[in-house]
Amino acid sequence: MVSDRRLLDIFLRAAALDGRSGRERPVADFVRAFLEPLGFRVVEDDAGKAGGGNCGNLVAVRGDGGDLMLLAHMDTARPTRDVKPRLLDDRVVSDGTTQLGADCRLGVAALLRAAERLAASGSAAGATFAFTVCEETSMAGSQNLRWPANVEMAALLDSSLRPGAYIDRGYGCRRFDVALRGRAAHSGVAPEKGINALAAAAEAVAASKLGRLDEETTANIGMFAAGAAINVVPDRAELVGEVRSIRPERVDEVVADFRRAFEDAAGRRGARLEFSSRWDFAPYRIAADAPVRRRVLRALESLGLAPSAHTSAGGSDANSLNARGLPAIDLGTGAQNPHGDDEFVLFEDMDATVELALALIDAR
């Protein structure tokens, strides 16, 4: 059963706002209108320009702000304007035709409800909340976020794990882009005059290892385009792939393996290779004695939630913040099956997420 109907109302209103990555303006306007009457000073930055979006991050500060920043991202991976939430006995779900939007509108709603309760309690506790853009795509929001000087650590309300669980290790991801240039020729009249870039690319892919390479490493080629017409020897082939691991040296090793495979295939076929790679996000580890980890453990234990540490292979704003020197832990909110039409959240997990936000503010 629903125990905090106000929280549920805020969540349903937030979830229905259509704010995909780069188009978060309706969510940002909703957040600002909610927080400013509660005494928060809300500032919008220009991070949206870096991601080509229509708004920036919001940073909302109450009182002295404290040394902990709580975050949730405003964007969703898919549209939510047509979401039709259904309330069951113990959870809220969509009608099965869209995602629910709990990733990460539950985090947004939990912070708004926590702000409301802080104001109603008369507490003088300082708080800093950040609402980021483009987390589901480029992470341009967290990569360009400017936080107050007093902030020393961050906690994200963004993991699909249930409350009590937290992410203390995150994979890094290195993207690689491949372009093979051959020579076009008529495939029927003079195929021998051509250099088949598609065939070179196919040989390289066949020689490469994909999928789960070991317990801490994965590799994938997700996009492949080649050719211009059915009767033309393909003179170009382009691919995009990624390698993920908790160990940066392992990522570099696997990317180098891909490069060699494409160099070898291009050489055999007489094609020209263009190969480049860059980090999409870096891996991170939170030390056992890190202040942010101790803060999280105190808050969880104060609520009677059993703490459990996990490793995530997916990227989040925590990757960006840790890479920029701000220790950040991603916390379970119970927004389960994110991005799917079967996404749901238990009412008890919604309540626990708000309590956790408030406990983190108090656990100085």
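Please refer to the structure higher up on the page.
Rules behind the numbers
Residues numbered from 1 in each chain as written. Predicted model: local features only at pLDDT ≥ 70, side-chain atom pairs only at ≥ 80, totals over all residues. Heavy atoms only, no water. Helix = DSSP H or I, 4+ residues; strand = E, 2+ residues; numbered from the N terminus. Buried < 20%, exposed > 50% of the residue type's maximum accessible area, 1.4 Å probe, protein only. Lys, Arg positive; Asp, Glu negative; His and termini not counted. Salt bridge = Lys/Arg side-chain N within 4 Å of Asp/Glu carboxyl O. Polar contact = N/O pair within 3.5 Å; in protein donor to acceptor, adjacent residues only side chain to side chain. Contact = heavy atoms within 4.5 Å. Pairing = 2+ DSSP bridges. Axes fitted to C-alpha atoms, helices over the stretch in contact; angles between N-to-C directions.

Enquirer: Any chance you could explain the side chain of arginine 105 here in plain terms?
Expert: Structurally, arginine 105 can be placed in helix α4 (residues 102-121). Put simply, arginine 105 is tucked away with no salt bridge, and the nearest opposite charge, on aspartate 18, sits 6.2 Å away. Within the structure, the side chain of arginine 105 is placed 2.7 Å from the backbone oxygen of leucine 17, a separation counted as a polar contact. Those residues in contact with arginine 105, other than ones at most four positions away along the chain, are Phe11, Ala14, Ala15, Leu17, Gly19, Val27, Met74, Asp75, Thr76 and Thr80.

Enquirer: Looking at this structure, I do not really get the side chain of glutamate 135. What am I missing?
Expert: Along the chain, glutamate 135 falls in the loop between β6 (127-132) and α5 (140-143). At a separation of 3.2 Å, a polar atom in the side chain of glutamate 135 contacts the side chain of histidine 73. The residues touching glutamate 135, leaving out its near neighbours within four places in the chain, are His73, Asp75, Asp158, Gly315, Ser316 and Asp317.

Enquirer: I would appreciate a short explanation of the sheet that holds strand β5 (residues 91-93) in the present structure.
Expert: To summarise the sheet geometry, strands pair through backbone hydrogen bonds and adopt either a parallel or an antiparallel arrangement. Taken in spatial order, the 3 strands make up an open sheet running β4-β5-β17, and their pairing is antiparallel. Lying at the two open borders of the sheet, with one neighbouring strand each, are β4 (86-87) and β17 (344-346). Strands β4, β5 and β17 of the sheet are contacted by helix α10 (residues 347-362), whose axis makes an angle of about 70° with β17.

Enquirer: Honestly, the pairing of strand β16 (residues 328-332) in this entry has me stumped. Any pointers?
Expert: Side-chain positions along a regular strand alternate between the two faces of the sheet. Of all 5 residues making up β16, 5 are buried, and the element is well covered by its neighbours. Sheet topology note: the strand β7 (residues 153-159)/β16 ladder contains 5 bridges and is parallel. Counted as the bridge partner of leucine 156 is aspartate 330 from β16. Bridging between strand β8 (residues 165-170) and β16 involves 2 bridges; their strand directions are antiparallel. Residue pairing for β16: isoleucine 167 is matched across the bridge by aspartate 330.

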